[in-house]
Amino acid sequence: MSYTLRVLFSGLCAFVPNRPFDDFDTPPTEVTVLLQNLLNPQSLSTVVDSGVLEPHYPMVEFDLCDLHPQSPRRADLERTELGKGACMLIGEEISFDMNQKVRKGLRLPGRDRQPDDRQEQATSRDEDSLRWLARIDKASPAALLDPKVLTQALSLKEDTAILARLRIDEGFLRVSKRSEKVCEFHPLDPSNPYRQQIALEMALDFESVEGPVVLVGRDPKGKEQRLVLSPVKSPQLLEIRIQNREIGRLLGVPEELMPVQEVADFEVFYQLLSEDVLVGQVRRFPKQPVPGGTNVKNPSLCPPTGLTLRPAA
């Protein structure tokens, strides 16, 4: 029996389409997902008081019951009481090897499922639109990505910018979770206001899959690690999570003990841009209002973000 593979993306993941997401006449045929190197704590300049971005770890999380008994790759981390396992994605080009009845290429929510130009909050008609994906070029219009980031070889050196990369050219890509409230990008710019709900999670659905799914991770030397999964928890849906997040939740640190600090984590995406692009650019970040007003720190959103490619010279 066939089933759906659902890949959920969360945390500081960058989505880079080969054509603009809002070009509905010639939509993207490929999207590259970049998981940035954020293993070391770092100070961020655009914060309300002061703040340090805690280490973020690129990983794939799955239900342990869905791990195939003959999978060559096993979980690096396990939470048996939660039934969860995870593998670190360090220096890996990621791809999927699976059997599908029908291959339809990459699909996105169409023109009929888009919000109005001035709309700040989603409705049931447009809740999965990629318009809700926060975008660097909307926050800072000249901040465009150098295409070299998509093709340069990954490495395991300390100063490498990208730790894992995944190219998507099939499946249905959509927004699956949004901020509770409308976010406003700071520092405020009256000439370029940017206010809207923003995506906190993205989903990629592959339909009509048969048999096990293999997540292939290829390291800089070409060696492959193969994680084999099959739908046991839910026979009609195999769900995995690719994320670049703090590791505390997976390690079982109680949420009450996690520090609530306002850190402009969105700023890390500017690090992927070349220095010549950044000259004169204000590094804006989204804030979501919280009960209590200005006296309450606004916890980090850790949003997936869309980057736009700089046109070829």
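We now turn to the structure provided with this report. The structure displayed is predicted, hence computed values, not measured ones. (Residues numbered from 1 in each chain as written. Predicted model: local features only at pLDDT ≥ 70, side-chain atom pairs only at ≥ 80, totals over all residues. Heavy atoms only, no water.)

**Examining the overall build of the protein chain**
Secondary structure summary: the protein chain contains 4 helices and 20 strands in total. Relative to a compact globule of 313 residues, whose C-alpha radius of gyration would be 20 Å, the protein chain shows 19 Å and is just as compact. In terms of overall dimensions, the protein chain has C-alpha extents of about 55 × 50 × 40 Å along its principal axes. Buried positions account for 50% of the 313 residues belonging to the protein chain. Here the contacts in the protein chain between residues at least 6 apart in sequence split such that 74% fall between residues at least 24 apart. Surface accessibility of the protein chain: about 15300 Å² in total, with carbon and sulfur atoms responsible for 49%. Taking the average location of the 39 positive side-chain charges in the protein chain and that of its 46 negative ones, the two points are 2 Å from each other. (Helix = DSSP H or I, 4+ residues; strand = E, 2+ residues; numbered from the N terminus. Rg over C-alpha atoms; globule rule 2.2 N^0.38 Å. Buried < 20%, exposed > 50% of the residue type's maximum accessible area, 1.4 Å probe, protein only. Contact = heavy atoms within 4.5 Å. Areas by Shrake-Rupley, 256 points an atom, 1.4 Å probe, with all protein chains shown as cover. Lys, Arg positive; Asp, Glu negative; His and termini not counted. Charge placed at Lys NZ, Arg CZ, Asp CG, Glu CD.)

**Brief notes about the packing of aromatic side chains**
Evaluated as defined, the whole model comprises 6 aromatic pairs. Between Phe-185 and Tyr-194, the ring centres sit 4.0 Å apart and the planes meet at 10 degrees, which makes this aromatic pair stacked. A relative accessible area of 1% means that Phe-185 is categorised as buried. For Tyr-194, a relative accessible area of 5% translates into the label buried. (Phe/Tyr/Trp six-rings, centres within 6.5 Å; stacked < 30°, edge-to-face > 60°.)

**Structural notes on the side chain of Ser-230**
In this structure, Ser-230 sits in the loop between strand E17 (224-229) and strand E18 (237-245). Leave out the neighbours within four places in its chain, and Ser-230 touches Asp-66, His-68, Pro-212 and Leu-238.

**A few points about the sheet that holds strand E15 (residues 195-196)**
The strand order across the open sheet formed by 3 strands is E15-E14-E19, and the pairing between neighbours is antiparallel. The sheet is open, and its two borders are formed by E15 and strand E19 (285-287), each paired with just one other strand. Here strand E14 (residues 183-186) runs beside E19; their pairing, made up of 3 bridges, is antiparallel. By the bridge assignment, Phe-185 is partnered in E19 with Pro-286. (Pairing = 2+ DSSP bridges.)

**A word on the nonpolar core**
Across soluble globular proteins, nonpolar side chains have a tendency to be buried as a group. Of all hydrophobic cores here, the largest spans 42 residues; its most connected members are Phe-9, Phe-15 and Phe-96. Tallying contributions element by element places strand E16 (residues 199-218) first for this core, with 7 residues. Each residue touching Phe-96, except ones within four places of it in the same chain, is listed here: Leu-5, Val-7, Leu-166, Phe-206, Val-213, Val-214, Leu-215, Ile-240 and Ile-242. Core analysis: the second largest hydrophobic core is formed by 35 residues, Leu-34, Leu-53, Ile-198 and Phe-285 among them. (Core = buried A, V, L, I, M, F, W, Y, C linked by side-chain atoms within 4.5 Å.)

**A few points about the environment of Val-263**
Mapped onto the fold, Val-263 is located in the loop between helix H3 (248-251) and helix H4 (275-278). Separated by 25 residues in the primary sequence, Val-263 and Gln-288 place their C-alpha atoms 12 Å from one another.

**A short note on unusual backbone geometry**
The omega angle of the peptide bond from His-186 to Pro-187 is -5 degrees, so this bond is cis rather than trans. In this structure, Pro-187 sits in the loop between E14 and E15. Despite not being glycine, Ser-208 shows a phi value in the positive range, around 55 degrees. Structurally, Ser-208 is set in strand E16.

**A word on the environment of Arg-174**
Mapped onto the secondary structure, Arg-174 falls in strand E13 (residues 171-178). Of note is the side chain of Arg-174, whose polar atom sits 3.3 Å from the side chain of Asp-205. (Polar contact = N/O pair within 3.5 Å; in protein donor to acceptor, adjacent residues only side chain to side chain.)

**Focus on the pairing of E17**
The side chains of a regular strand alternate between the sheet's two faces. Two elements, E16 and E17, share 6 bridges in a ladder whose sense is antiparallel. Its bridge partner lying in E17, Val-216 is registered against Arg-226.

**Digging into the pairing of E18**
As judged from the 8 bridges shared by strand E1 (residues 3-11) and E18, these two strands associate in the parallel manner. From the neighbouring strand, Phe-9 faces E18, where its bridge partner is Ile-242. Relative to E18, strand E6 (residues 57-63) runs antiparallel, the two sharing 5 bridges. For Met-59, the partnering residue across the bridge sits in E18 and is Gln-243.

**What about the pattern of salt bridges?**
The tally for this structure, following the rule as stated, stands at 22 salt bridges. Residues Lys-84 and Asp-63 are paired through a salt bridge, measuring 2.9 Å at the closest nitrogen-oxygen approach. In this pair, Lys-84 sits in strand E8 (residues 84-88) while Asp-63 sits in strand E6, placing the two residues 21 residues apart along the sequence. Note on Lys-84: relative accessible area 24%, which makes it partly exposed. Assessed through its relative accessible area of 9%, Asp-63 is described here as buried. Each of Asp-97, Arg-218, Glu-224 and Arg-226 takes part in a single network of salt bridges with overlapping partners. (Salt bridge = Lys/Arg side-chain N within 4 Å of Asp/Glu carboxyl O.)

Keep in mind these values describe shape, not function.
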